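# Chains, contacts and geometry: an overview
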Amino acid sequence: MPNSDFLVIGGGVIGLNIARELRQRHPDADVTLIEKESGCGQHASGRNSGVLHAGFYYTPDSLKARFTRDGNRLLTDYCERKGIPINKCGKLVVARDADDLPFLDELLARGRKNGVELYDIDEVEARSIEPRVITHQRAIFSPNTASVNPADVMRAMQADAEREGVRIHLGVRYLQQKGRSVRTSAGDYQAGYVVNAAGLYADKIAKDFGFSERYQILPFKGLYLYSDEPPGSVRTNIYPVPDLRNPFLGVHYTVTVDGRVKIGPTAIPAFWREQYQGYGRFSLPEFADIARLQLGLFTQSSFDFKRLAMEEMRKYSRSRMVSLAAGLLRDVDQRHYLRWGKPGIRAQLLDVRSRKLEMDFVLEGDDRSMHVLNAVSPAFTCSIPFSRHVCDRIEAAVH
Ligand SMILES: Cc1cc2nc3c(=O)[nH]c(=O)nc-3n(C[C@H](O)[C@H](O)[C@H](O)COP(=O)(O)OP(=O)(O)OC[C@H]3O[C@@H](n4cnc5c(N)ncnc54)[C@H](O)[C@@H]3O)c2cc1C
């Protein structure tokens, strides 16, 4: 039976960074990470937009505000040190009409409180950054927003973790908790301390340990549509003002690391946790569970799930996606947007009692286990400082 001081479940960006941080803090300890897939980063961490966010969407009292600004800097430094390509193309947040202007002001105020470099600019200045941009009167420019290929980052982090002595066991699925040991698809593991960073399955695993009582993960699918226009056709990321009542940012333009453009991601309710394509990874119990939850939210929710779901389902249509994006940029031609990219699924936490989507990262644990429950966007950006925070919480729980 493998024996470890720390057993980390999940080889996404959060599990890998927690495992590395634990090894650094406890050089004599055995740190083992189990990942059910044949490689790390096969889910959200390898399928996201690859945007290093700057940190102005989040209220100053949130963990997201605390870690996005620093995470942006630390991940930018990491990519530069490792020679991982990074596109420091910045980002414009635009107003579609006069009703959006107060929300631009709110984002500016949050950014200032969070210590983020931001510029309140007019239409002319916005067009000097991106000549095709459409905005009403004003826009926000964030110079520190950047993009990377998340798969490059994950490969480098996995290699670092292995070199630093983290034992990574691939193709090993957590099944059940049994006292001091953990049952997996490769037999039982003895674990001094368990860290659950299982993304889409984190709530289920937490429940085995007596946590996540009031939460359940609601999966939302993010689709991307790629443009075949040549690199450089769009110079910067362009986002609309988001609906600040929910954690999604609306259909936007992302400039990839090689200068191409994609639109998305959507936030379409998924019916099972890994519903990437067709009936792949279909699970009847998951489907029944999630469909029941969604049906309940349809009749009552604090974030108007019905409206969100109806709007998002329409984005399965290519023409709908392109017409939404065309509100942000001039001369958008549908014929350029023919290729759907690899989708990602958000492990969004729902408070089942208040029927509310959790907006911030959620951590629950004790002196035996710690559970990362809502590592949604921008957890990729936040991964380095957030993982340090998880380790601080573990130390506080153990002592
Ligand atoms: C569409 C989309 C776009 C996004 N865009 C951005 C962005 O631009 N910028 C940003 O900062 N963030 C973004 N995010 C958020 C970011 O990708 C996630 O917050 C982050 O990757 C979460 O990392 P994680 O390690 O918690 O989860 P994951 O990457 O999902 O990792 C969890 C791992 O646990 C494993 N696992 C699950 N169950 C078990 C089990 N039983 N046994 C063993 N292993 C198990 C899974 O296989 C998986 O590898 C986006 C997310 C999505 C979905």
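Whatever comes next refers back to the structure up there.
The following refers to the structure shown. What you see is a predicted model; the values in this text were computed from it and never measured. (Residues numbered from 1 in each chain as written. Predicted model: local features only at pLDDT ≥ 70, side-chain atom pairs only at ≥ 80, totals over all residues. Heavy atoms only, no water.)

## Notes on helix 11 (residues 379-398)
In this model helix 11 runs just 25 Å from its N-terminal to its C-terminal C-alpha over 20 residues, more than 12% under the 28 Å that 1.5 Å per residue would give. Of all bends in helix 11, the biggest is about 50°, found at proline 385. (Helix = DSSP H or I, 4+ residues; strand = E, 2+ residues; numbered from the N terminus. Expected span 1.5 Å × (residues − 1). Bend = angle between axes of the 7 residues up to and from the residue.)

## Observations concerning helix 10 (residues 318-325)
Side chains of residues three or four places apart in an α-helix project in the same direction, reflecting 3.6 residues per turn. Within the span of helix 10, buried status applies to Met321, Val322 and Ala325. On an axial view of helix 10, the arc spanned by its buried residues comes to 95°, and they lie on one face. Buried residues belonging to helix 10 abut strand 14 (225-227), strand 16 (252-255), strand 17 (261-264) and strand 19 (337-340). (Buried < 20%, exposed > 50% of the residue type's maximum accessible area, 1.4 Å probe, protein only. Arc of directions from axis to C-beta. Contact = heavy atoms within 4.5 Å.)

## A word on the environment of tyrosine 253
Within the fold, tyrosine 253 resides in strand 16. Here tyrosine 253 falls in the buried class, since its relative accessible area comes to 0%. Along the sequence, tyrosine 253 and asparagine 237 sit 16 residues apart, while their C-alpha atoms lie 5.4 Å from each other. Ignoring sequence-local partners within four residues, the contact set of tyrosine 253 consists of Asn237, Ile238, Tyr239, Val261, Lys262, Ile263, Ala325, Ala326, Leu328, Leu329, Val332 and Tyr337. Looking at tyrosine 253, its side chain comes within polar contact range of the main-chain oxygen of alanine 325, at 3.4 Å. (Polar contact = N/O pair within 3.5 Å; in protein donor to acceptor, adjacent residues only side chain to side chain.)

## Concerning the pairing of strand 7 (residues 138-142)
The buried count for strand 7 comes to 5 of 5 residues, which makes it a mostly enclosed element. Covered by surrounding structure in strand 7 are Arg138, Ile140 and Ser142 together with Ala139 and Phe141, the residues of both alternating faces. With 4 bridges joining them, strand 5 (residues 91-94) and strand 7 adopt antiparallel strand pairing. The residue of strand 7 that forms the bridge with lysine 91 is serine 142. Bridging between strand 6 (residues 119-122) and strand 7 involves 4 bridges; their strand directions are antiparallel. Note on strand 7: the bridge partner recorded for tyrosine 119 is phenylalanine 141. (Pairing = 2+ DSSP bridges.)

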